[in-house]
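# An overview of the molecular structure
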Amino acid sequence: MTREVIRVIEKVPSSLHLIDEGQELNDAYYLRHRIETVKRIRLTSRTDALALAAMVEEDYEAARWWSKYVQEELNHDLLYLKDLQKHGLMEKQVLKIDPFASTIAMVETIKAGIQDFGSNGAVAYSVWVEWSSERSSATVVERAGRKYSAS
C-alpha cells in the first residue's frame, strides 16, 4: 500500500494537500474533500451491503463481524455532515452535489468485483481506507482545527 501511495503522490502532488504542513489549507479543497467523503461513505454503504450478502454465503461467521463493521461505518457520514454544517453547508446542499466521476467509477469497480469474485473487493477497499485513515486523518483534523477551530 505504501508503494501505491508513493506512486499517487508522484503523479498527483496535490494529493498531499490536506496533510502537507508546507501548504496553506485551501478552503475550497478542504470542503470539497469533505463533501466527497460523504458521497463515498454513502455509495460504499451499498457495496458493503452487497459484500455482506455475498459473505453470508462465503463465510457466515465472517459476515457477523463484517455486519458490525458496516453498521459503524454507515454512520460516519454524519461526522462529516456535522463538520460541513459548521462551514455553512447543510445536508440538503451537500446531497445535491454530484460525486466525482472517479468516485462513481471506484464504486462501480467494487460492485463489479463483488459480482465476479465475492466480498473480497469491498473488504480490501475498507482495509485501504482504514490503513490510509490511520496514517493521515489525525494530521488533517489538527490542521483544520488550527485553521477553523477545534470544534
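Look up a bit, the structure's there.
Here's a quick rundown of the structure. Quick caveat: nothing in here was measured; it's all calculated off a predicted structure.

## Notes on the packing of helix α6 (residues 101-117) against helix α7 (residues 120-147)
- Between α6 and α7, the shortest axis-to-axis distance is 7 Å and the interhelical angle comes to 140°. In terms of orientation, α6 lies oblique with respect to α7. From α6, Met106, Ile110 and Ile114 reach across to α7, where they touch Gly121, Ala122 and Tyr125.
- Here the contact of α6 with α7 is built from residues that sort into five nonpolar, one polar and no charged.

## Some points on the pattern of salt bridges
- Per the counting criterion, the structure on display carries 12 salt bridges.
- The shortest N-O distance in the salt bridge between glutamate 24 and lysine 147 comes to 3.9 Å. Of this pair, glutamate 24 sits in the loop between α1 (2-11) and α2 (27-58) while lysine 147 sits in helix α7; the two residues are 123 residues apart in sequence, bridging distant segments of the chain.
- On the basis of relative accessible area, lysine 147 is assigned to the partly exposed category, the value being 33%.
- For glutamate 36, the salt bridge goes to arginine 32, with nearest N and O atoms at 2.7 Å. Of the two residues, glutamate 36 and arginine 32 are both situated in helix α2; the distance of four residues between them amounts to about one turn of the helix.
- Among the charged side chains, a salt-bridge network with shared partners connects Glu21, Arg143 and Arg146.

## As for the packing of aromatic side chains
- One pass over the full model with this rule turns up five aromatic pairs.
- Taken together, the aromatic side chains of Trp65, Trp66 and Tyr69 make up a single cluster linked through ring pairs.
- Against the face of phenylalanine 100 rests arginine 32, its NZ or CZ located 4.0 Å from the ring centre.

## A look at α6
- Here α6 is 17 residues long and its end C-alpha atoms lie 24 Å apart, about the 24 Å a rise of 1.5 Å per residue gives.
- Turning to α6, its buried residues number three or more, namely Thr103, Val107, Ile110, Gly113 and Ile114. The arc enclosing the buried residues of α6, seen along the axis, measures out at 120°, which places them on a common side. Residues of α6 that are exposed and angled more than 90 degrees away from the buried face: Ala101, Ser102, Thr109, Gln115 and Asp116.
- Among the structural elements, α2 and α7 are those in contact with the buried residues of α6.
- Following α6 by one or two positions, glycine 118 adopts a phi angle in the positive range, close to 95°.

Reading the values: rules and limits
Residues numbered from 1 in each chain as written. Predicted model: local features only at pLDDT ≥ 70, side-chain atom pairs only at ≥ 80, totals over all residues. Heavy atoms only, no water. Axes fitted to C-alpha atoms, helices over the stretch in contact; angles between N-to-C directions. Helix = DSSP H or I, 4+ residues; strand = E, 2+ residues; numbered from the N terminus. Parallel < 35°, antiparallel > 145°, perpendicular 65-115°, else oblique. Contact = heavy atoms within 4.5 Å. Nonpolar A, V, L, I, M, F, W, Y, C, P; charged D, E, K, R; others polar. Salt bridge = Lys/Arg side-chain N within 4 Å of Asp/Glu carboxyl O. Buried < 20%, exposed > 50% of the residue type's maximum accessible area, 1.4 Å probe, protein only. Phe/Tyr/Trp six-rings, centres within 6.5 Å; stacked < 30°, edge-to-face > 60°. Lys NZ or Arg CZ within 6 Å of the ring centre and 35° of its normal. Expected span 1.5 Å × (residues − 1). Arc of directions from axis to C-beta.

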